[in-house]
Amino acid sequence: MKKILKYTLLMLGAATIISSCKKQLELSPISSITDANFWQTPDQFDAFVSGIQSRFRSHNSSFQALGEMRSDIFGTEPGNASAFTGEATQGVERMWLQTLTLDAAGVSNFGGFYSNIVQLNLLIDKLSSTNVVTAANKSYYLGMAYGMRAYYYFQLTRSWGDVVIQTDPVTSFDISSLSKAASPAADVMALIKDDIDKSVTNFGSNYTFRNTKSYWSKAATLMLKAEVFLWTSYRGGGAGDATTALNALTDIQTNVAGLALQTNFANIFSTTNRGNNEIIFSIRYLANESTMGYVTGSFVPQTGLIANFHDSVGARQFNVTADNWGGLLRAPVRVATFRKFDDKDSRKWASIQPAYNRPSPGVYVIAGSFTNKFQGEQVAGVRTFTNDYPVYRYADLLLMIAEAKIILGQNPAAEINLVRARAFGVNYVGAVHGYPNQAIDASPANAILQERLFEFIFEGKRWYDLRRFGNSFVFANTAVLPGEAYKVLWPIDRNSLTNNRGLVQTPGYPAF
Amino acid sequence: MSYIIHKIKLLFMKSAAFKVCFIVAFILCSAFAWSQAKKISGKILSQEDNRPLTGVNIIVKGKNTGTQSNVNGEYSIDASENDALVFSYTGFISQEIKVGNSSTIDLILKPDVSKLGEVVVVGYGTQSRRNITSAIGKLDNEVLLNAPRSNVGTALQGSVAGLRVVNTTGTPGASPSILLRGGASINNPGSPLVVVDGIIRSYNDISPDDIASIELLKDAASTAIYGARANNGVILITTKQGKSGTTQVSYKYVHGFNKNREDYNHLNARDYIYYNRLGNLNSQRTLAQVNASRGYGLLTSTADLALFDIRAYTPANAFLLQSGWDTLSDPYGGTIIFKDHGDEIKDLVFRNTHTNDHYINVTGGNDRGKYFASFDYYDEQGIIVGSDYKRYSANINGSYKIKPKLEISTGVSFSTSSQIGVIGGEINTLYRNLSLWPTMNPWLDSAKTKPNPGNGIADGNPLYWLGKTNRSNEINRITVNGSAKYDIIPGLYIKLSGNAYLFENTNESFTRATQTYTGLYTNPQTFNTTRPAAWSFARTFQQQYNGIMNYTKTIRGNHNINAMLGAESFGQKSFSSQISGTGAPTDDIPTLNAATLFAAGSNFTAKSEYRIISHFGRINYDFDQRYLLTLVYRQDGISSLAEENRWGFFPGMSAGWNVHKEKFFEQSGISNVITSLKPRISYGVNGNVAGIGDYEIQGGYGSQGNYNGSLGFLNTGVINNDLRWEKSKTTDVGLDVGILKNKITLIFDYYDRKTSDLLTNLTLPSYVGFGSIRTNLGTFQNKGFEFTVNANILNKPNGLKWDADANISFVENKILQLPFNGNEFNRQGGIQIYDAGQGKVVWVGGLQEGQPLGAIYGYKQLSIFQNDGEIAKFANNRRDIIATISGPGVTYGTAKITPGDVNWLDVDKNDTIDTRDQVYLGNVNPKFTGGFSSTLSYKGFTLYTRFDFALGHTLYNDLVARTLGNYQGTFNYIDWQKKGFSGDNSMSNIPKVYYADQVGAPAGKKNYTRANNAGQVLNGNNSNFYEKGDYLACREITLSYDFAKSILSKTKILSQARIYVNTNNLFYITKFSGNSPEPLSSGIFAGTYPTPKSFVLGVQVSF
C-alpha cells in the first residue's frame, strides 16, 4: 500500500510538476520580431520606412499596368495573336483589346495597394504616439506616409472610381463585419487632397531628398499634388485647380536646387546615373537586391528568338551576347507607335527597339518592336534589369507646367520646348520642332499628350494622361469605343468581389 | 464498497511491509476458502519457440486470486480442487484448466494467429484485438516481406482500410501522400502522426526489414491518447526488438530491375513538322512567322542550323538524303528536308536501373537480457536520369533486467540517406523534355559525347545540364531512447522513458558556367557565368520524456482492469541556415569559397522552438471478457497558442460486447457458424494545431528584403490570440466477426467525424491589406465505412493453404460551416454557372457550406464540328465569348467557328458561350479505396499477390491538353494528333490542330483550355480532357520458396532460407490515359514521375 501510494503520488507529482511548468510554454521568437518588441527604437522606424519603400517597389508592375497597358502603346500587329518573336500574349492582350472581365480583370486585388496602405496607416499611427524618433525624422516620415497614401488612393480612384477607404491601421479583425462598401470617388478625392495637405504640412520646409531620391520626398508630394489638381481641374476644378497645380510645380522649381533635364535622354535611366538631376522620385532597383521582374515577364524577347532578327541601325543581326534580353515578349510595342516618333527624336531609339527581317542583304522589313527603355546591366553574362523606375522627373514637371499654363490660357512654349530640345539634341530646329510649329501643336492638348507619350512611354503615364484629359481622348486613341464609356474604369476581379460582399462591380461590366 | 475493500486488501497482500496485517485480514475474511486451498505450481511455455512466457496472467476462475508467471515462466497459486485456472497472455489463446487432483500444471500456450486475436499496439501499451473496442488497423507483415522499398510508406497503399495512400511521384525515396478517412481539414489535410517506437518522427529512411509491426489508430477513442496531434490518425511503427534464445543472424539481399511504364508516344519529326506547320496555317500565321519558329521553322542563323536538322529543300542540300535525312511537303507549299531525332531525348531521359538492398540483423538474448542489431544498405537509381536514392541505416537495441524487478531498455538508430530528384523539375521533364522538337539533334558531335544544351535546362539534352550541376543531399536521422521499467508489485509497473531525435538535412549545389545553343556559335562563345552555389543546413532536435504507471488487476476473477496514467514533455528546437553565392570565377571549385557575391536576403540562419506538455490516462475494464470498456484522456498544452487557449482536453471512450462469450450465444446454433461476434462503439475528441507557426499568433514583423541597401521590415502578421485547438469529434461503430472458427474474420467500421473550430484560412477583403487570416471558424465532416475481411480459404492436410484478405473504404466529405463572410453559404471563391434545373445562375465550386470538396466544373464538348453544315445548323448565331469567335450568322469576335472546332454545350441556350456554360464534371477525390491480397502456399512454395484500387475520382489531364493544345507553340504533339480532326479523324473528339490553343483567335480557338491562359487550372477546361481515374493496381506478385528444414539441417549452418522473385507495380487496369491514375489532391495530372515497374530477385538466409 505504501509503495502504491508512494508511486502514485510520485507520478501525480511528476505530472503536476510537468504541467505546472507553464512558463516552459511561454516562448518568444528568436529569429523574427513580434508586435511586442517592435516600435521601440528609431532603427525600427527606419527599417519600417525602408519596408514601405520596398513594398512600393513590389507594386511597380501594377503601377505600370494601370498606367499604360490599356493605352495605345502595346499590342500585336494586326491579324496576329502573338508577338513577332512568336511568344503568346497569354491574356495580357485583354488590356489593350479592352476585353477585361471579372475573371480576366487585368489587375486584380486593387493592385495589392492596400497591403501597403495599411502599413502606411500603421506608420502614421505609431509616429503620432512615439517619442523615440527625432522631430525631424518624425515629420519627414509623416510627410512621406501621407504623400504615399495619397499616391495609392489616386491610383485606385483613377482606376476603379469608387473604392474602399481605409485610413486606420489593421491590428485585429472582426470577422463578422468584414464587408465594407466603397466610398464615392468624390470622398476618395477629398481624402487624397487632405493627405497631400498633411504631407506638405509635415514636410514643412524640408525639401531634401533621401537615399538618392529613391525615398518619397516633399517634391514627390508636390508633383502628386500637381497631377491631382490637374486631374480635378478638368473635372470642375477649372482654373483654380490648375493654379494650385502650377503653384505646386513652381514651388519645386523654387525650393529644390539642382533639378534640370539630363542632356542625353537615355542617361536618365542609366544604372550608373541613379538619382541624377532630372529625377525627383524613382523606385530603386539594384543588382542582387531586386530586379524589374515584370520587364522580363512580358516586355522583352527571348534571347534565342530575337537573334533571328536584325537591327537596321548598324545593319546588324541581333546576337545572343549583346541582345541577351532573356525575357518573354508578351506585350510588344506596336509598330504604329514606334513610327509615331520622329527619327531625329533621341527618345525613339532610347525607348523602343525595332526588329527587322532581312529577306535579302540590305533589305530590312520591320517585324515588330519592343521597349528598351530599361536595359538593365550585364552581370556574369546575364542581363539583369536593375534600372531605377522614375515615378516623377523634371520633364514631367515641365510638361505639367505647360499643361497648367494651357488651361490657364498662358503660353506653354518655354517648357514644351525645353523637353523637345533635349529630345532632338543637335537635330533640334526650333522652327520645325519647337512649339507651336509642329502640326499637332494646333491642338495644345494633343501636343501635350503626344509629348508625354514620347517622353514617358513605359513609365506608366499614358493611359492616365488620356483619362485626365477626358474620355474623348481615350476614345480617340485606344480600343475603347465611345459607346463603352464604362470601360475607362477597370472591372473588379471575382475574388475581390467574393471576399468583400460590400463591393459592387464597376457599373457596365457584367456581374457574372 | 466491498469492491474497494477487496482491492485494498489485494494490494496489501503484495506489500511485504503489510503482509502480516494482510494475513490477519485475509484469514478473517476468507477463512472458509483458505481451509480448502492447496498450492498449484507449474511452468508456461510458448508453443511458438518453446521458450518460457513471462507475465502470463493466471487467475482462479470466479475468485479473487490471481498471479503472474515469472521470468522463467514459473508460477504458483493457491486454488482448490474444484477451481479452474484461467491462463491468459496477450497474443496467445487463453486456456482454462480444472485443477482437480494435480498440484503441478505445466502448460504450452498457443499463439493466437487469427486476425481477431492479433496483438495490437495501441500507444503506450499493447492489447489483444479481442479486447479492443476502438478502430485500429494493422498492416499484414507479408506486405513488408518482399518488395524493396525506398520508402516504407508505400507499403501502406491499399493495405489498411481507411487510408488513402497515393504515389504522387516515382522518384526513389519519396514518401507517398497519406490521408486518413478523407482528411480532417479543408485547406490542408494533414498526414497521420507517425510514432516510431514512441518517437514522433517521419518514417522516411526506416528500413522496412527493421519493422515488426505497423498499426493505424483511426477513431478518436484510440487516437485520443495522442491528443493534440492525432486528428489525422496515428501510424504506430514498432521496430524489431531482441528475442531471447540462441543468437540468430539473418541476411537478406534483394536485387531489383526497374523499368519505365508505358506512356504517350510523341510524333516523329515528319509528323511533327507537318502538324505544327498545318496548325500555324490554320491559325493564319504568316510564312515568315512560321519560319521564325524553333523546331519546325526554317531558321537560318548558324546556331539554329546547327541545332535543328530542318532546312528548305534545295538541290544543294539534296545530298543530305544520303545520310538519313528525308523530305516532306510543306502545308505552306514547297518541300522541307529534315532529319528525325524523335524519341532520342526520351531515351536519354528514361533509363532502366537497378536496386540493391543488403540487410543483416543479429538477435539473441537470455532470461535477463535481449538484444537486436541490424544494418541496411539500400541503393536505387531513379528511372529518370539524375534522380537517385541511397540509404544506410543501423539499429541497435537491447534490454536487460538488472534486478528481477527492474528492466532497462535502450536503443539507438541511425540513418543517413541521400535523395536527389530530377534536374529541372518533374513536370518540366515529363512535359517539356518529352515534347521537345524532334528535329533537334541532342548531340553536338557524331560520336555523341557532347550533349547539346538546347535552349535551357528543360529544353535541351538533360545530360548537358546534369553535367554542369553538382548536387548533393544528406539526411541524417539519429534516435536514442532509453527506458526503465520497474515492477513494483505484480501487475503494477512504472516506466520512465526518454528519447531524443536528431534530424539533419544538408544540401549543396553548384552550377558551372552554362550556355544555351545560341551561345555556342558566337565568337567568343557566350556563357552564363553566374555560377550559383548554395549550401543549406537544417537541424531539428527533439526531446521527449514521459513516465507512465500501469496497473493490471483481476478482481473477483472476472473484473479485469488495466489502468495507465502518464505524463509527457515534448520539445523541438529547429535551426536552419543557408548560404547562397554567385560569381565564382572558375568552374573548378564547387564549394562556396569561390563565390564572390552573397546577396542580402539569400543568406540566413534562423532558430525556432516549440513545446508540448501533456498528461494522459487510460482505463481498460472488462467483465469476464464479455463487456469491454475503455476510457482515455489526454491533456495537452502547446507553446504556439496564446496562454488562454493553450490547453486542450481530449477524452475518448469506447465499449464493446463479446457476444460470443455469452451463454445464450454459445448455446445457440449460431455459434456453430459465428465463432466470435463483437459489436463496439466509440466516441472521442482529438485536436490539431498543425500548420500554426511556432510564433504565428504573436503577430510579427517580417523582412521585406533590402531597399537601396537597407533592410526593411513591415507588419506581416496580425496578433491572433484567439486561435485555439481544432477539435475532431468522431463516433465510430464497429463490428468484429469471426466465422467458422475464425477462418473468416470481418472487421467493419462506420464513422462520423466532425471537425470543428477548424483552422481555416479566411481570405480577407482587399482593403484589409492582409491576404488571409487563420480562424477557427470551420466545421468539416467526413463520413464513411471501412470493411476488412480475412479468410482462410483452403487449409489442406497436404500443406496446401490459401489465405486471402481484402479491404474497402468509402468516404464522403462535406463542409458544414465556414467563416462568416456574408456570401450565401459563406462561399469562398467559386464560379457562377447556369443551372438548367433551377433555371438561373448559381454559384458552384470554391468552398461552400453544405458542399463537398473537390468538385470540378468545365465546358462540355458535345462534338467536333465536322463541316460548315453542322456549324450552320447548331451554331449559326453562336457567340463564343471565351475564344472571341462566332458562327456564320453573327458578326462578332476576331475569327469564325470553323470545322474542327468544338461544339460546346450551350447550357443556358442563349447562343452565347461564356463562363455560365460550365457543367459539373466530377470530383478530384475517390469515393472508394481499398486493396486485396492472397497468399497461396504449398509445401515451401508461396505465391503472394496484392492489388489496390481507387474508384470515383476524376483527373484533369493537363499534360495531354497542353501537348495537343500546343500551348508552348513549337513543341511536339502526342500521336493522338494524327487521329484527330486533322488526321484520320479516328479519334473524332480531338479538335483541329492550331498554333497555341490558349491564345486569342485566330491563333487559338480555346478548344482545350477555356477559362485561363494555359495555367495549370482545374476548372474551366474542355470536358474531354477530364478523365475518370478509377484504377486497379497490381502492386505485387511474389513467388517464394522456403527451403525445407530437412534440407537446411544438412547444411548444418542455415536455420532458415528463402528465395523469391517478385514484381512490383506491374500494371494498372484503368481507362486513364496517362502513366499514373492515382488521385491527386490538385486533381491536375500534369505529368507524374512514373512509378517504375520492378522485377526483383531476393534471397534471405538465417544462421
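Before any of the text, the structure's been laid out above.
Let us look at the structure shown here. Keep in mind the model is a prediction, meaning the values are calculated, not measured.

How each quantity is defined
- Residues numbered from 1 in each chain as written.
- Chains lettered and ligands numbered in written order.
- Predicted model: local features only at pLDDT ≥ 70, side-chain atom pairs only at ≥ 80, totals over all residues.
- Heavy atoms only, no water.
- Helix = DSSP H or I, 4+ residues; strand = E, 2+ residues; numbered from the N terminus.
- Buried < 20%, exposed > 50% of the residue type's maximum accessible area, 1.4 Å probe, protein only.
- Areas by Shrake-Rupley, 256 points an atom, 1.4 Å probe, with all protein chains shown as cover.
- Axes fitted to C-alpha atoms, helices over the stretch in contact; angles between N-to-C directions.
- Parallel < 35°, antiparallel > 145°, perpendicular 65-115°, else oblique.
- Left-handed = near helix turned anticlockwise from the far one by under 90°.
- Contact = heavy atoms within 4.5 Å.
- Nonpolar A, V, L, I, M, F, W, Y, C, P; charged D, E, K, R; others polar.
- Pairing = 2+ DSSP bridges.

1. Focus: the overall build of chain B
(1) Moving on: Helix and strand counts for chain B stand at 16 helices and 56 strands.
(2) Moving on: Residues classed as buried in chain B amount to 57% of the 1103 residues present.
(3) Moving on: If you sum the accessible surface of chain B, you get close to 42200 Å²; carbon and sulfur atoms cover 57% of it.

2. Overview of the packing of helix 2 (residues 42–58) of chain A against helix 6 (residues 135–160) of chain A
All names here are of chain A.
(1) Moving on: Running from N to C, helix 2 and helix 6 point in directions that differ by 20°, and their axes come no closer than 12 Å. It follows from the interaxial angle that helix 2 and helix 6 lie roughly parallel. For the pair helix 2 and helix 6, the crossing hand works out as left-handed. Across from Phe45, Asp46, Val49, Ile52, Gln53, Arg55 and Phe56 in helix 2, the residues of helix 6 making contact are Asn137, Tyr141, Met144, Met148, Tyr151 and Tyr152.
(2) Moving on: Of the residues that constitute the contact of helix 2 with helix 6, the class distribution is 9 nonpolar, 2 polar and 2 charged.

3. Details of the sheet that holds strand 47 (residues 912–913) of chain B
Residues and elements named next belong to chain B.
(1) Moving on: The mixed open sheet is built from 4 strands, whose spatial order is 45-44-43-47. In this open sheet, the two strands that pair with only one neighbour each are strand 45 (895–896) and strand 47.
(2) Moving on: Relative to strand 44 (residues 885–886), strand 43 (residues 879–880) is paired through 2 bridges, and the arrangement is antiparallel. Note that in strand 44 the partner of Asp880 across the bridge is Ile885.

4. Focus on the packing of helix 13 (residues 394–407) of chain A against helix 16 (residues 444–456) of chain A
Residue and element names in this part refer to chain A.
(1) Moving on: Orientation of helix 13 relative to helix 16, taken along the N-to-C sense of each, is 170°, at an axis distance of 10 Å. When the axes of helix 13 and helix 16 are compared, the pair comes out roughly antiparallel. Within the contact between the two elements, helix 13 uses Ala395, Asp396, Leu399, Met400, Ala402, Glu403 and Ile406 and helix 16 uses Pro444, Ile448, Glu451, Arg452, Glu455 and Phe456.
(2) Moving on: Taken together, the residues that form the contact of helix 13 with helix 16 break down as 8 nonpolar, no polar and 5 charged.

5. A few points about the environment of Asn499 of chain A
(1) Moving on: Here Asn499 of chain A shows up in helix 19 (residues 494–499).
(2) Moving on: For Asn499 of chain A, a relative accessible area of 14% gives the class buried.
(3) Moving on: Asn499 of chain A sits 117 residues away from Val382 of chain A along the chain, and the two C-alpha atoms are 41 Å apart.
(4) Moving on: Apart from residues no more than four positions distant in its own chain, Asn499 of chain A is found in contact with Thr763, Leu764 and Pro765 of chain B.

6. Section: the sheet that holds strand 1 (residues 38–46) of chain B
All names here are of chain B.
(1) Moving on: Read across the open sheet, the 3 strands follow the order 4-1-7; overall the sheet is mixed. Among the strands making up the open sheet, the edge pair consists of strand 4 (74–79) and strand 7 (107–109). For this sheet, the mean angle separating the axes of adjacent strands, direction not counted, is 35°.
(2) Moving on: Relative to strand 7, strand 1 is paired through 3 bridges, and the arrangement is parallel. Directly across from Ser46, in strand 7, lies its bridge partner Leu109.

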